Amino acid sequence: MKGVLAAAAFSLLFSLLGTPLFIKFLVRRGYGQFVRDDGPTTHHTKRGTPTMGGAVILASTLGAYAVAHVVTLTPVTASGVLVLFLMAGLGLVGFLDDFIKISKQRSLGLRSREKLFGQTLVGVIFAVLVLQFPNEQYRTPASPFISFVRDTNLNLAFAGTLVGMILFVIWANLMIAGTSNGVNLTDGLDGLATGVSTMVFGAYVLISLWTFNQNCQINPGIKCYEVRDSHDLALVAAAGMGACFGFLWWNATPAKIFMGDTGSLALGGALAGLAITTRTQLLIVILGGLFVLETLSVMAQVISFKTTSKRVLRMAPLHHHFEMVGWHEVTVVVRFWIIAGLFVAFGLGIFYAEWVVGTQ
């Protein structure tokens, strides 16, 4: 528990103090956000606001993870390192996208094909490695079973190890792409994606600590969890939560800095990695329900326009629709935070209820 608290505290401190320094650096370099002309007119005043703030979130998370292990004198684990690899790898793809945008002062960074290639490359490496590195009990950081609140009976390796690996790589990449792009689409209002990500990271702190206390190695039983390195995953989630908290101080309305794709892709990758390694793959759909709503709103808008030439929303993603109907930005953000909190509470309730009912 000391490591989890240390990770949260140090990441909060690093992010809270490091963000204003990074803002000054970006301002001196003239690295400001390019705002699209076809977006809400109220956003035009945000042009020039420093972006790529996700670099602070990423650095704070990685730094706090390392410091926490030094403080507790414990070794890092394969699960924790792989989740951070996924977070850093996608953050690098987002950084390249952001840098091209600000250096060329345009809304287009990496081409869609280039961005997808980068995300897929990182995702494939993660998916392959996360099924390696068995420990003394022959557990790997992830398993080929589809999971909800724990592994189900749906085994992707039903036709052999090779087929299982291929199907798992595809499945993991669908999760990673969906989560990272969901956070990316939500990152359109000051503090919105940061606040929601903080809540979901907090949920994974609780889930990881619970699976650690009810781990089959410690408390064997019918409903024990086969999750490997649970305590270290709680540490990773706590570091991400603290980093988002600190960044939110500067990212809240009116934002002094934006996270950019550097942050949104990194955060989405970290959440997908936690879902895969904690064996809660499908539960992330509920915990990150607001990200799902934002993604579905874009899909509905595109499908409706292409099939009927009509729009179901005034503007997508969903948060822009409510801006266009007259809601103030702060009102949208706070109400969406409330919705996100309800999703997180519901997801945690399902997770705990399964254990309670299953033990009776």
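Refer to the structure above for everything that follows.
All values derive from a computational prediction rather than experimental measurement. (Residues numbered from 1 in each chain as written. Predicted model: local features only at pLDDT ≥ 70, side-chain atom pairs only at ≥ 80, totals over all residues. Heavy atoms only, no water.)

Q: Please explain the pattern of salt bridges as it appears in this structure.
A: It is possible for side chains of opposite charge to pair when their charged atoms get near one another. The tally for this structure, following the rule as stated, stands at 10 salt bridges. K101 is the salt-bridge partner of D97, the closest N and O atoms lying 3.3 Å from each other. Taken together, the positions of D97 and K101, both in helix α3 (residues 78-104) and four residues apart, correspond to about one turn of that helix. Each member of the pair, D97 as well as K101, carries the same accessibility label: buried. Here the residues in one salt-bridge network are D97, K101, K115 and D261, joined through shared partners. (Salt bridge = Lys/Arg side-chain N within 4 Å of Asp/Glu carboxyl O. Helix = DSSP H or I, 4+ residues; strand = E, 2+ residues; numbered from the N terminus. Buried < 20%, exposed > 50% of the residue type's maximum accessible area, 1.4 Å probe, protein only.)

Q: Looking at this structure, I do not really get the side chain of S297. What am I missing?
A: Positionally, S297 belongs in helix α10 (residues 289-308). When its relative accessible area of 7% is taken as the criterion, S297 is described as buried. The residues contacting S297, other than those within four sequence positions of it, are L313, A316, P317 and L318. (Contact = heavy atoms within 4.5 Å.)

Q: Looking at this model, I keep getting lost on a nonpolar patch on the surface. Mind explaining?
A: Side chains of F85, F117, L121 and I125 sit close together on the surface and give an oily, nonpolar patch of about 380 Å² of accessible area. If one sorts the elements of the nonpolar patch by residue count, helix α4 (residues 112-129) sits on top with three residues. Turning to its location among the elements, L121 is positioned in helix α4. Assessed through its relative accessible area of 44%, L121 is described here as partly exposed. (Patch = residues over 30% accessible without salt bridge, like charges linked within 9 Å, V, L, I, M, F, W, Y side chains within 5 Å. Areas by Shrake-Rupley, 256 points an atom, 1.4 Å probe, with all protein chains shown as cover.)

By themselves, these observations are geometric and do not establish any function.
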